[in-house]
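Residues per chain are reported as follows:
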Amino acid sequence: MSPALLANGNIIDVKPASASATGRVASVYSEVQTSRIEHELPLPSVLRSSFKIVDGPASSAAGNPDGIAKLFPNLFGQPSAILVPSESNTLRSDQKLKIGVVLSGGQAPGGHNVISGIFDYLQERAKGSTLYGFKGGPAGIMKCKYVDLSTDYIYPYRNQGGFDMICSGRDKIETPEQFKQAEETALKLDLDGLVVIGGDDSNTNACLLAENFRGKNLKTRVIGCPKTIDGDLKCKEVPTSFGFDTACRIYAEMIGNVMVDARSTGKYYHFVRLMGRAASHITLECALQTHPNITIIGEEVAAKKLTLKNVTDYIVDVICKRSGLGFNYGVILIPEGLIDFIPEVQQLIAELNEILAHDTVDEGGLWKKKLANQSLQLFEFLPQAIQEQLMLERDPHGNVQVAKIETEKMLIQMAETELEKRKQEGSYKGQFRGQSHFFGYEGRCGLPTNFDSSYCYALGFAAGALLQGGKTGLISSVGNLAAPVEEWTVGGTALTSLMDVERRHGKFKPVIKKAMVELEGAPFKKFASMRDEWALKNCYISPGPIQFHGPVSNAVNHTLLLELGVQA
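Here is what the cut-offs are and how they apply
The written sequence of each chain sets the order in which its residues are numbered from 1. The predicted nature of this model means local features are confined to residues of pLDDT at least 70 and side-chain atom pairs, given and counted, to a pLDDT of 80 or more, with totals for whole chains, interfaces and linings taken over all residues. To obtain the side-chain values, all non-hydrogen atoms of the structure were used and water was disregarded. Helical segments are the DSSP runs of H or I of at least four residues, strand segments are the runs of E of at least two, and each set is numbered from the N terminus. Each residue is assigned to one of three classes by its accessible area relative to the maximum for its type, calculated with a 1.4 Å probe on protein chains only: buried under 20%, partly exposed between the two thresholds, exposed over 50%. Any pair of residues with heavy atoms lying within 4.5 Å of one another is described as a contacting pair. Note on geometry: axes are lines fitted to C-alpha atoms, helical ones only across the stretch in contact, with angles between N-to-C directions running from 0 to 180 degrees. Relative orientations are named as follows: roughly parallel for angles under 35 degrees, roughly antiparallel for angles over 145 degrees, roughly perpendicular for angles from 65 to 115 degrees, and oblique for any other angle. Left-handed describes a crossing whose near helix is turned anticlockwise from the far helix through less than a right angle; right-handed describes the clockwise counterpart. The nonpolar class holds Ala, Val, Leu, Ile, Met, Phe, Trp, Tyr, Cys and Pro. Asp, Glu, Lys and Arg form the charged class, and all remaining residues, Gly among them, are polar. DSSP-based pairing: two strands are paired if at least 2 bridges between them are found. Confidence of the predictor at the level of single residues is given by pLDDT, which spans 0 to 100. For this document, the term salt bridge refers to a Lys or Arg side-chain nitrogen within 4 Å of an Asp or Glu carboxyl oxygen. Any helix carries an expected span of 1.5 Å times its number of residues minus one. What the arc describes is the spread of directions from the helix axis to the C-beta atoms. In what follows, a disulfide is any cysteine sulfur pair within 2.5 Å. Paired rings are identified among Phe, Tyr and Trp, the last through its six-membered ring, by centres lying within 6.5 Å, and are further divided according to the angle between planes into stacked (under 30 degrees), edge-to-face (over 60) and tilted (the rest). When the NZ atom of lysine or the CZ atom of arginine is within 6 Å of a ring's centre and also within 35 degrees of its normal, the charge is said to sit over that ring. Clockwise travel from the first strand over the helix to the second, with the strands pointing away from the viewer, marks a crossover as right-handed.

Novice: Would you mind showing me how to read the overall build of the protein here?
Specialist: When its secondary structure is counted, the protein shows 21 helices and 17 strands. Projecting the C-alpha coordinates of the protein onto the three principal axes gives extents of approximately 80 × 60 × 45 Å. By the burial criterion, 57% of the 568 residues in the protein qualify as buried. Put simply, of all contacts in the protein between residues at least 6 apart along the chain, 78% involve residues at least 24 apart.

As structure tokens, then:
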């Protein structure tokens, strides 16, 4: 412990003697940050004693198993694994390992604790081991840019938000040349293992690396770790991705604040767009935590084949009913990827993707002739700003950058137009004022909740155990999450078992299948049973900031509890 931690006052300098080498930007911490650094984390009991790794049955794939088997001949079908108590530790404690770790993709609260968990596992179970942190994401692997992670280096980051310990990146290792660069790095550092901390695309990349290394007879094994605040990387064996719990609580606090504002002024409708490019888990969880008047769930829009006009009419219908009750204010939640869920827009985006993947978009607009008539009509109907946003360069995965599409502003404009029409018809007499918000990056780097702090630490320990046990091509899995931490289960799930084949950049590629909001699932059913009441009554809940001590500090989010069947 640094002596500076004993200081009193509102601001505490926690920079250790060697902090200049760590690169930690925030060398001055608040008292809360300082207390989090010193917060001791519980571990599942199986990780605190002797254990052995037991294999399960052979695995398959989430979809197209024949295709996945051809793409992963060295990994397909391998079993998942679970750690179980043993009278003696079956892993060699005298084995000195060289392990690399990389952060891939967008930030998520808790990432530093995964790295801390790996480091502490090696210190405890494989003394003398080395942990390398690849800097700047997968590019750090390809360029062999790394830092030797030590006790002093890791210390300031424990239980802290962000990815700035080694930083992240969105590069992918996918070309023959890039795989060769990764192989050279693995050989140069004599790596026994590599942990890839990332979302579905990053873990797909981890599986490709594991397949490549095994095919080349390299000793380097690869383990993934489930990270994404979007909550769409999960399955039965991987109940949730880390960061989701913290991000939702941060957003819920802000939503609660604008709810109080709406009720205080009595004259604004707050349209809040929330993170979630491919799935609406964050929007659904925040609705369960705060009880807004209107919540649009993308998966329901897609299932019911709703058009933009259908969505607008639903919003306007509620606004009119509330006006009749004397309420000319409210809060509306919208998922970031809503526009991609609307079938007519989805078709338009698919056609645009093909055009952008194979053609140069000319300024004269001749490329529009390649759109189907329905798609062209829709494109021309959309506001100019939305048209331009749909034509932006795709992200590294070939996806529309929905974070740059201001759907909330578009819906405000469409609601204004429809309400003016109804006012002229005499069916609406209220006043409408829309306020737009996008709660996005604010939720990615907050101090992780107690749940995410402990969950990530256990995921790191599990990754270390799996690598020491000779496993590769698995994703670190911690289960039984509704129980106390001591009762959590620990293991690894075959990455190929999560995979399907998807069209990207005009080509078919293996991808981990995203977990979408299930309309027959308990979280959505709970929401659907209450939304009509929330629409007309002001049932607002303001959760307030994240708590680290007290009765709600260890609470688990609604989505996870409902999915595990714990909460009715």
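Novice: So what exactly am I meant to see when it comes to the packing of helix 7 (residues 176-188) against helix 8 (residues 200-215) here?
Specialist: Axis angle and axis distance: for two packed helices, these are the angle between their axes and the distance between the axes, and together they describe the pair. With their axes 11 Å apart at the nearest point, helix 7 and helix 8 run at an angle of 70 degrees to one another. As far as their axial angle goes, helix 8 and helix 7 are roughly perpendicular. Here the hand of the crossing between helix 7 and helix 8 comes out right-handed. Residues Phe-179, Ala-182, Glu-183 and Ala-186 of helix 7 form the contact with helix 8, whose own contacting residues are Leu-208, Leu-209, Asn-212 and Phe-213. Partitioning the contact of helix 7 with helix 8 into residue classes produces six nonpolar, one polar and one charged.

Novice: Any chance you could explain the sheet that holds strand 14 (residues 474-479) here in plain terms?
Specialist: Strands belonging to one sheet form pairs held by backbone hydrogen bonds; the direction of such a pair is parallel or antiparallel. Taken together, the nine strands give an open sheet; going across it, the order is 3-4-15-14-9-8-5-6-7, and neighbouring strands pair in mixed fashion. A single partner strand is all that each edge strand has here, and the edge strands are strand 3 (51-55) and strand 7 (146-149). Pairwise comparison of adjacent strand axes, ignoring direction, gives a mean angle of 30 degrees for this sheet. Where strand 3 and strand 4 (residues 81-85) come together, five bridges link them in antiparallel fashion. Bridge assignment links Val-54 to a residue of strand 4, and that residue is Ile-82. Contacts from helix 18 (residues 450-468) reach strand 3, strand 4, strand 5 (98-103), strand 8 (193-198), strand 9 (221-226), strand 14 and strand 15 (489-494), with the element oriented near 135 degrees to strand 14.

Novice: Sorry if this is basic, but what is going on with the sheet that holds strand 11 (residues 294-295) here?
Specialist: A sheet is described by the order of its strands in space; here four strands give the open sequence 11-12-10-13, paired in parallel fashion. Strands at the two margins of the open sheet, each flanked by one partner only, are strand 11 and strand 13 (434-439). The pairing of strand 10 (residues 269-274) with strand 13 spans six bridges and is classified as parallel. Counterpart to His-270 in the pairing with strand 13 is Gln-435. Lying over the sheet, helix 9 (residues 244-265) contacts strand 10, strand 12 (330-335) and strand 13, oriented at roughly 170 degrees with respect to strand 10.

Novice: Would you take a moment to explain the confidence of the model for the protein for this structure?
Specialist: When pLDDT is low, close inspection of the predicted coordinates is not appropriate. Residues of the protein with pLDDT of at least 70 account for 93%, and the chain-wide mean is 92. In the model, residues 1-22 has pLDDT below 50 throughout and makes 36 contacts with residues more than four positions away in sequence or in other chains.

Novice: Help me understand the pattern of salt bridges in this model?
Specialist: Two side chains carrying opposite charge are able to pair once their charged atoms lie near each other. For the coordinates displayed, the defined rule picks out 22 salt bridges. The salt bridge partner of Glu-174 is Lys-509, with a shortest N-O separation of 3.9 Å. Separated by 335 residues along the polypeptide, Glu-174 in the loop between helix 6 (151-154) and helix 7 and Lys-509 in strand 17 (residues 507-512) bring together distant segments of the chain. Residue Arg-273 is joined to Glu-408 by a salt bridge in which the shortest nitrogen-to-oxygen separation is 2.4 Å. Taken together, the positions of Arg-273 in strand 10 and Glu-408 in helix 17 (residues 407-425) put the pair 135 residues apart, joining distant regions of the chain. Glu-408 shares its class with Arg-273; the two are buried.

Novice: Looking at this structure, how should I read helix 14 (residues 343-358)?
Specialist: Each turn of an α-helix holds 3.6 residues, which means side chains three or four residues apart point in the same direction. For helix 14, with 16 residues, the first-to-last C-alpha span of 23 Å sits near the 22 Å given by 1.5 Å per residue. Those residues of helix 14 lying buried are Val-345, Leu-348, Ile-349, Glu-351, Leu-352 and Ile-355. Buried residues along helix 14 cover an arc of 165 degrees about the axis, so they all sit on one side.

Novice: What is the right way to look at the state of the cysteines in this model?
Specialist: Chemically, a disulfide is nothing more than a covalent bond linking the sulfur atoms of two cysteines. Applying the stated criterion across every chain, the model contains zero disulfides. Cys-235 supplies the cysteine sulfur nearest to Cys-207, a cysteine that is in no disulfide, at a spacing of 13 Å. When its relative accessible area of 0% is taken as the criterion, Cys-207 is described as buried. The closest cysteine sulfur to the non-disulfide-bonded Cys-248 is located on Cys-286, 4.6 Å from its own sulfur.

Novice: Could you clarify how one ought to interpret the packing of helix 14 against helix 15 (residues 373-381) in this entry?
Specialist: Contact geometry for helix 14 and helix 15: axes closest at 9 Å, N-to-C directions at 100 degrees. Taken together, the axes of helix 14 and helix 15 are roughly perpendicular relative to one another. On helix 15, the residues that touch Glu-344, Val-345, Gln-347, Leu-348 and Glu-351 of helix 14 are Gln-374, Ser-375, Leu-378 and Phe-379.

Novice: Whenever I open this one, unusual backbone geometry confuses me. Can you help?
Specialist: Across residues other than glycine, the phi torsion is negative in most instances, and most of the peptide bonds are trans. Phi is positive for Cys-144, which is not a glycine, with a value near 55 degrees. Using a relative accessible area of 16% as the deciding quantity, one classes Cys-144 as buried. A positive phi angle is found at Asn-480, which is not glycine, with a value near 60 degrees. In this structure, Asn-480 sits in the loop between strand 14 and strand 15. Accessibility expressed as a relative area gives 41% for Asn-480, which makes it partly exposed.

Novice: Explanation requested: the packing of aromatic side chains in the structure shown.
Specialist: Summed over the entire model, instances satisfying the criterion amount to 14 aromatic pairs. Members of the aromatic cluster, joined through ring pairs, are Tyr-121, Tyr-457 and Phe-461. Here the guanidinium or amino end of Arg-273 rests over the ring plane of Phe-438, the centre of that ring lying 4.0 Å away. When the ring centre of Tyr-329 is taken as reference, the NZ or CZ atom of Arg-322 above it lies at 5.4 Å.

Novice: Honestly, the pairing of strand 8 in this entry has me stumped. Any pointers?
Specialist: Regular strands place their side chains on alternate faces of the sheet. Taking burial as the measure, the six residues of strand 8 include six buried ones, the bulk of the element. Alternating positions in strand 8 separate into two faces, Gly-193, Val-195 and Ile-197 on one and Leu-194, Val-196 and Gly-198 on the other, with burial throughout. Note: strand 5 against strand 8, five bridges, orientation parallel. Directly across from Val-101, in strand 8, lies its bridge partner Val-195. Each parallel crossover has a hand, and for strand 8 linked through helix 8 to strand 9 it is right-handed.

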